[in-house]
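Spelled out, the chains give:
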Amino acid sequence: MKFDYDFLAIGGGSAGFNAARVAAGLGLKIAVVDGARELGGLCILRGCMPSKTWLYMTEVLHLARKAKTFGLRIPSARPDIRAMLARKRKIIGEFAAYRLQALTAGKFDLLRAHARFVDAHTVALSDGRTVRARHILVGTGSKVSVPAVPGLAEAGAWTSDDVLDLDFIPRSVIVLGGGIVACELSQFLRRLGARVILVQRSANILRDHSPDASTVVQQAFVDEGIELFAGTQLRQITRDRRGATVEFVHDGKVVRRRADHLFNALGREPHTAPLQLAAAGVRTRPNGRIVTNRWQQTSAPHIYAAGDCSGPAEIVHIAIQQGELAARHAAGVPKLKPVDYSLLLNVVFTDPQLATIGRLERDLTAAGTPFLAASYPFNDHGKSILMDANYGYVKVIAEPRRGRILGAEIVGHDAGELIHAFSGPLAMKATVRDLLRAPWYHPTLAEIITYPLEEIADQLDAR
Ligand SMILES: Cc1cc2nc3c(=O)[nH]c(=O)nc-3n(C[C@H](O)[C@H](O)[C@H](O)COP(=O)(O)OP(=O)(O)OC[C@H]3O[C@@H](n4cnc5c(N)ncnc54)[C@H](O)[C@@H]3O)c2cc1C
């Protein structure tokens with residue numbers, strides 16, 4: 001069989017680009033095929049980077065508005081949305097240009113077209129070409145899902161793409177959903193000055209996290225004036241020229257809320273339908289997610305999948321690790337290790353941030369795995385008190401025999417940075433006592449971590 005390429009990546013986002021980069025380093029003949037008008041992938045163009053640029057700007061605004069707390073006079077701290085947008089576009093434009101440069105640097109062919117499978121080794125491109133490859137990686141990402149809520153599809157709801165490119169400050173927005181994107185962008189909209197009504201189905205926002213953690217974020221949202229309805233059931237959405245009305249059941253009563261704009265943040269789904277995966281013998285789950293084994297191989301073993309289209313998490317560093325692993329596996333690199341999901345790191349960039357790593361209480365309890373846990377609140381810690389960053393806590397979870405660290409949960413200011421204090425130790429299987437031997441500078445936010453560590457060390461001594 002003759003092939004045009006050793007390795008073909010469908011999609012040039014975090015998974016596809018990094019798979020191709022690694023495969024190129026291993027001497028394979030490679031092509032990346034991507035049909036987007038603008039290259040760069042979700043993270044750079046419409047995901048992590050633009051959202052974090054927006055969020056940081058409104059964090060600065062929020063601090064400026066809190067000036068009085070710090071004995072400062074900043075009489076008029078107001079957003080200039082056009083200047084904010086210009087800054088965001090400039091930053092994102094530079095990141096995208098850098099990625100485009102890497103994609104066109106000559107290490108692999110870049111084919112700018114949409115791809116679909118013809119058979120297990122052949123891909124048809126939207127420009128009429130056909131490409132045959134020995135190994136193929138599917139990294140086509142995800143798209144916004146529109147669940148079957150009456151009226152939602154016709155309501156002209158914003159997606160995160162729209163919120164990330166706003167050139168005006170909306171007066172009012174109803175946000176549907178309580179996941180990461182919903183929560184991060186609700187707070188952004190509120191801090192810009194919009195009236196925000198968040199309508200969430202589960203009993204808590206951020207339902208993948210512990211109720212303790214999400215309650216802290218929920219309280220901060222309420223304190224900032226977000227109107228929050230959790231445990232709801234959406235009934236009907238109607239749209240007229242002046243805005244949208246959402247009808248839902250909350251606490252057994254029918255509630256109606258009206259706003260100028262509606263933001264669908266109900267989640268994303270794998271972007272796999274147009275690929276005609278069945279023609280290549282690639283199995284998917286009912287939700288379209290591609291089934292893979294621990295080497296990222298699909299049911300057709302020479303076809304790999306990585307990133308949002310295969311899961312299990314919609315997180316960039318996971319997409320990168322999976323893409324890199326697939327490339328190495330396809331190249332026959334020996335002694336590979338699968339992605340270790342017991343180290344899963346999660347960050348929600350609300351304020352306070354919510355960050356977790358490793359195995360947490362809910363998971364360990366469900367598995368019947370014994371553990372020790374201890375936590376300490378930020379409102380009793382010197383550095384956070386002087387920063388008026390009092391929301392939240394640090395929790396450490398350890399194995400009860402030797403005190404090996406299993407996981408950590410931090411809700412608080414810069415939790416997304418602080419959680420990295422556990423990344424190395426967890427990967428190196430460190431114990432609580434190992435971490436207590438490390439130096440912790442005073443006064444820092446990070447030194448709060450020593451309190452739960454000490455408490456677990458005491459629990460271990462007492463056993
Ligand atoms: C608002 C928002 C904020 C986020 N914030 C974070 C964050 O802070 N941290 C984090 O870790 N994650 C974050 N994420 C998630 C993160 O962006 C994704 O997990 C990650 O970008 C997925 O990478 P990927 O390579 O799987 O897909 P993508 O980057 O989406 O790449 C898929 C590529 O495939 C191409 N493609 C699709 N179909 C075809 C086809 N048939 N033929 C050819 N090309 C095709 C597309 O054009 C695209 O370029 C965020 C997501 C959103 C929406």
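Everything numeric in this text was worked out from a predicted model, so none of it was measured.

Scoring rules and cut-offs
Residues numbered from 1 in each chain as written. Predicted model: local features only at pLDDT ≥ 70, side-chain atom pairs only at ≥ 80, totals over all residues. Heavy atoms only, no water. 1 Å grid on protein atoms, 1.4 Å probe; cavity = no way out; pocket = protein on both sides within 12 Å on 5 of 7 lines; lining within 4 Å. Points joined across faces, edges and corners; volume = space filled by probe spheres on them. Helix = DSSP H or I, 4+ residues; strand = E, 2+ residues; numbered from the N terminus. Nonpolar A, V, L, I, M, F, W, Y, C, P; charged D, E, K, R; others polar. Contact = heavy atoms within 4.5 Å. Near = heavy atom within 4 Å. Polar contact = N/O pair within 3.5 Å; in protein donor to acceptor, adjacent residues only side chain to side chain. Areas by Shrake-Rupley, 256 points an atom, 1.4 Å probe, with all protein chains shown as cover. Buried < 20%, exposed > 50% of the residue type's maximum accessible area, 1.4 Å probe, protein only. Pairing = 2+ DSSP bridges. Expected span 1.5 Å × (residues − 1).

Moving on to the layout of surface pockets. Computed from the structure, the second largest pocket encloses a volume of approximately 270 Å³. What lines the second largest pocket is a set of 14 residues, and nearest its centre among them are H62, K66, D351, D388 and A389. The element that contributes the greatest number of residues to the lining of the second largest pocket is helix 3 (residues 48–65), accounting for 3 residues. Looking at side-chain class alone, the lining of the second largest pocket contains 5 nonpolar, 3 polar and 6 charged residues.

Following the sequence through the fold, L360 ends up in the loop between strand 18 (353–358) and helix 9 (361–367). As for L360 and V396, which are separated by 36 residues in sequence, their C-alpha atoms are 8.9 Å apart. Not counting residues up to four positions away in its chain, the partners in contact with L360 are I397, G407, A408 and E409.

Here we take up the site of the ligand. In the vicinity of the ligand lie 35 residues, with A15, D34, K52, D308 and V316 positioned nearest. Interatomic distance of 2.7 Å between a side-chain N/O atom of D308 and an oxygen atom of the ligand. A distance of 2.8 Å is found between an oxygen atom of the ligand and a backbone nitrogen or oxygen belonging to V316. A total of 1000 Å² of accessible area belongs to the ligand in isolation, and the protein chains cover 89% of it. When residues of the shell around the ligand are traced back to their parent elements, those giving at least two are helix 1 (14–25), helix 2 (41–46) and helix 3. Sorting elements by how many residues they give to the shell around the ligand places helix 2 first, with 4 residues. When grouped by side-chain class, the residues that make up the shell around the ligand number 14 nonpolar, 15 polar and 6 charged.

Inspection of every chain in the model, using the stated rule, returns 1 cavity of 30 Å³ or more. By volume, the largest cavity amounts to about 40 Å³. The class makeup of the residues in the lining of the largest cavity is no nonpolar, 3 polar and 3 charged.

Burial along strand 17 (residues 345–348) is two-sided: L345 and V347 facing one way and N346 and V348 facing the other are all buried. Taken together, the 4 bridges between strand 17 and strand 18 define a ladder with antiparallel strand orientation. Across the sheet, V348 pairs through a bridge with L354, a residue of strand 18. Hairpin geometry of strand 17 and strand 18 is characterised by an intervening segment of 4 residues between the two adjacent antiparallel strands.

Each regular strand carries side chains that alternate between the two faces of the sheet. In terms of strand pairing, strand 12 (residues 243–250) meets strand 13 (residues 253–259) through 7 bridges, oriented antiparallel. Its bridge partner being in strand 13, T245 is matched across the sheet by R258.

This part takes up helix 7 (residues 211–223). The end-to-end C-alpha separation of helix 7 is 18 Å, in line with the 18 Å expected for 13 residues at 1.5 Å each. As for helix 7, its buried residues are in contact with helix 6 (180–192), strand 9 (195–199), strand 10 (227–229), strand 18, strand 20 (393–398) and strand 21 (405–412). Trailing helix 7 by a residue or two, G225 shows a phi angle of about 95°, which is positive.

Keep in mind these values describe shape, not function.
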